[in-house]
Amino acid sequence: MKNIYSNIYSLSKKMLKKTAKTLEEGNLVSLPTETVYGLAGNAYSKKALNSIYKLKKRPKKNPLIIHYYNLKNVDKDAVLNEKFYKLYKKFCPGPITFILKKKDKSKISSLATAKLNTVAIRFPSHKIIRSLLKIINFPLAMPSANHSSGLSPVNAFDVYDEFKKKISIIINGGQSKIGIESTVIDLSEHPRILRSGIISLSEIKKLIKIFPYKKQKKIKSPGMLTKHYSPGIPVILNKKPKNLSHAYMVFGGKFENKSNYFNLSKKGNLKEAASNLYKTMRKIKKKGFKKIFVSKIPNLGPGIAINDRLKRAAK
Ligand code: TXA
Ligand code: MG
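Each value, and the rule that gives it
- Residues numbered from 1 in each chain as written.
- Chains lettered and ligands numbered in written order.
- Predicted model: local features only at pLDDT ≥ 70, side-chain atom pairs only at ≥ 80, totals over all residues.
- Heavy atoms only, no water.
- Salt bridge = Lys/Arg side-chain N within 4 Å of Asp/Glu carboxyl O.
- Axes fitted to C-alpha atoms, helices over the stretch in contact; angles between N-to-C directions.
- Helix = DSSP H or I, 4+ residues; strand = E, 2+ residues; numbered from the N terminus.
- Parallel < 35°, antiparallel > 145°, perpendicular 65-115°, else oblique.
- Left-handed = near helix turned anticlockwise from the far one by under 90°.
- Contact = heavy atoms within 4.5 Å.
- Nonpolar A, V, L, I, M, F, W, Y, C, P; charged D, E, K, R; others polar.
- Buried < 20%, exposed > 50% of the residue type's maximum accessible area, 1.4 Å probe, protein only.
- Pairing = 2+ DSSP bridges.
- 1 Å grid on protein atoms, 1.4 Å probe; cavity = no way out; pocket = protein on both sides within 12 Å on 5 of 7 lines; lining within 4 Å.
- Points joined across faces, edges and corners; volume = space filled by probe spheres on them.
- Core = buried A, V, L, I, M, F, W, Y, C linked by side-chain atoms within 4.5 Å.
- Phe/Tyr/Trp six-rings, centres within 6.5 Å; stacked < 30°, edge-to-face > 60°.
- Lys NZ or Arg CZ within 6 Å of the ring centre and 35° of its normal.

Enquirer: Explain the pattern of salt bridges here, please?
Expert: Pairs may arise between side chains of opposite charge once their charged atoms sit close together. Under the definition given, this model contains 9 salt bridges. In this structure, the salt-bridge partner of glutamate 25 is lysine 21, at a minimum N-O distance of 3.1 Å. Among the charged side chains, a network of salt bridges with common partners joins Glu181, Asp308, Arg309 and Arg312.

Enquirer: Sorry, what's going on with the packing of helix H1 (residues 13-24) against helix H4 (residues 127-135) here?
Expert: Any two packed helices are characterised by how steeply their axes cross, that is the angle between the axes, and by the distance between the axes. Put simply, H1 and H4 touch, their axes get as near as 10 Å, and they point 60° apart. In terms of axis orientation, H1 runs oblique to H4. The crossing of H1 and H4 is right-handed. Of the residues in H4, those in contact with Leu16, Thr19, Ala20 and Leu23 of H1 are Ser131, Leu132 and Ile135. For the contact of H1 with H4, the per-class residue count stands at 5 nonpolar, 2 polar and no charged.

Enquirer: Even after reading the chapter, I still don't get the packing of helix H7 (residues 270-286) against helix H8 (residues 302-313), so can you show me in this structure?
Expert: Following both chains from N to C, one finds H7 and H8 inclined at 20°, their axes separated by 8 Å at the closest point. One finds that H7 runs roughly parallel with respect to H8. Seen along the crossing, H7 lies across H8 with a hand that is left-handed. Taken together, the residues of H8 that come into contact with H7 (itself represented by Leu270, Lys271, Ala273, Ala274, Leu277, Tyr278 and Met281) are Pro302, Gly303, Ile306, Arg309 and Leu310.

Enquirer: What should I look at first to understand the pairing of strand E12 (residues 246-250) in this one?
Expert: Residues in a regular strand project their side chains so that they alternate between the two faces of the sheet. The buried fraction of E12 is high, at 5 of 5 residues. Of the pairings in the sheet, the one linking E12 to strand E14 (residues 291-294) comprises 4 bridges and is parallel in character. Counterpart to alanine 247 in the pairing with E14 is isoleucine 292. Across 3 bridges, the pairing between E12 and strand E13 (residues 261-263) is parallel. Looking at E13, one finds that methionine 249 is bridged to phenylalanine 262.

Enquirer: Could you clarify how one ought to interpret the pairing of strand E10 (residues 192-195) in this entry?
Expert: Of the strand pairs in this sheet, strand E9 (residues 183-186) and E10 are connected by 3 bridges, and their pairing is antiparallel. Counterpart to isoleucine 185 in the pairing with E10 is isoleucine 193. What sits between E9 and E10 in their antiparallel hairpin is a turn of 5 residues.

Enquirer: Would you take a moment to explain the layout of surface pockets for this structure?
Expert: Over the atoms rolls a probe the size of a water molecule, and in doing so it shows where empty space is left. Approximately 380 Å³ is the volume attributed to the second largest pocket. Around the second largest pocket, the lining is made up of 16 residues, and of these Asp161, Glu162, Arg282, Lys285 and Lys286 lie nearest the centre. Secondary structure elements with two or more residues in the lining of the second largest pocket: helix H5 (156-163) and H7. The element that contributes the greatest number of residues to the lining of the second largest pocket is H7, accounting for 5 residues.

Enquirer: What should I look at first to understand the nonpolar core in this one?
Expert: Soluble, globular proteins show a tendency: their nonpolar side chains are buried together. Core analysis: the largest hydrophobic core is formed by 74 residues, its most contacted members being Phe98, Ile121, Ile185 and Ile204. A per-element tally of this core places H7 first, with 7 residues. For isoleucine 204, the contacting residues outside a window of four places in its chain are Leu87, Phe91, Ile96, Thr183, Ile185, Ile193, Ile199 and Ile210. Counting 17 residues, the second-largest nonpolar core is a separate cluster that includes Ala20, Leu23, Leu133 and Ile171.

Enquirer: Is there a simple way to explain the sheet that holds E13 in this structure?
Expert: Sheet strands associate in pairs through backbone hydrogen bonding, adopting either a parallel or an antiparallel arrangement. Reading across the sheet, the 4 strands line up as E11-E14-E12-E13 and stay open at both edges, with parallel pairing between neighbours. Looking along the sheet, the strands with just one partner apiece sit at the ends: strand E11 (235-237) and E13. Within the sheet, the average angular offset between the axes of one strand and its neighbour, ignoring direction, is 25°. Running at roughly 125° to E11, H8 makes contact with E11, E12 and E14 of the sheet.

Enquirer: Please clarify how the packing of aromatic side chains should be interpreted in this entry.
Expert: When we look at a pair of aromatic rings, we describe it by the centre distance and by the angle of the planes. One pass over the full model with this rule turns up 12 aromatic pairs. Between phenylalanine 84 and phenylalanine 123, the aromatic rings sit 6.3 Å apart at their centres with planes inclined by 40°, giving tilted as the arrangement. One end of the pair, phenylalanine 84, is in helix H3 (residues 82-91); the other, phenylalanine 123, is in the loop between strand E6 (118-122) and H4, with 39 residues separating them in the sequence. Take phenylalanine 84 and phenylalanine 123: they sit in the same class, and that class is buried. Sitting above the plane of the phenylalanine 211 ring, lysine 209 keeps its charged end 5.0 Å from the centroid.

Enquirer: Looking at this structure, I do not really get the environment of serine 45. What am I missing?
Expert: Among the structural elements, serine 45 can be located in the loop between strand E3 (38-42) and helix H2 (46-56). Using a relative accessible area of 13% as the deciding quantity, one classes serine 45 as buried. In this structure, the C-alpha to C-alpha distance between serine 45 and asparagine 27, residues 18 residues apart in sequence, is 9.1 Å.

Dropping the structure here:
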């Protein structure tokens, strides 16, 4: 039988070199991270950046996150401040993205930053992407590897489902442990959380003062406004389905095992629920259910990030 997944590879030494070369030439690859899988391109290459927007069908006004190995070279692109260093020390490498002022002399194309005067930077912890970032001499622009407004992929086969053979290399790094995207924090002015994630507001507040998120005249993060995280079928919150063709995504031990019930965490663990969220929604869609109903999920810690994604999916 023909292997349909012939563009999915595990990372050998040879493949590491080939992936680095592909990126150097301005072509795209998909890489695993601890949060979700990314669609990676050379942040210095206009060709790569244009391809990212085109492949994802992403509006050009929605900027990309730039990924680095460590602090070396970051200050060529971003103005680092004291609050950044505090959070970096505690959480990096890991699932947090910082919005900082962009340096005028940065080689990162304004295509990646949607002509804003800020840049989003992140230091992923997954060992595969780290081994790659370590050997290349440019940072990676990398949104989640899905079509704009859909669900982020959490394994190599999800990426394949999104783009089939349109990417020549998808590196298989197993299931993304965290399963939802990084926390995004704006440090370019008064610190604000722009996107919730597994690193929660309460953890961050222990280190720096955070201002409440407020609607501003100037849009801070274009990508947070639009419809997002949609599984492609209607999502209905805090309601039970009446019909077996509708799935029920539940949380906690009190639910029965029915054929249309999908439990995000029988133990009632919110971290586990976050890691199962996109995986479960993709599974439900694949099984042919017409709608997803969702039980109430506690709004604390990782629950805040889960409810944020679900609210947007239900829009
Ligand atoms: O976990 C993650 O962050 C994943 C992995 C692959 O690293 N990446 C990811 O990228 O979620 P993406 O493109 O799907 O989401 C990036 C978000 C968008 O909502 C975008 O609007 C925001 O970050 N963003 C990027 N640059 C920004 C900037 N300069 N100012 C404000 N928001 C920015
Ligand atoms: Mg995304």
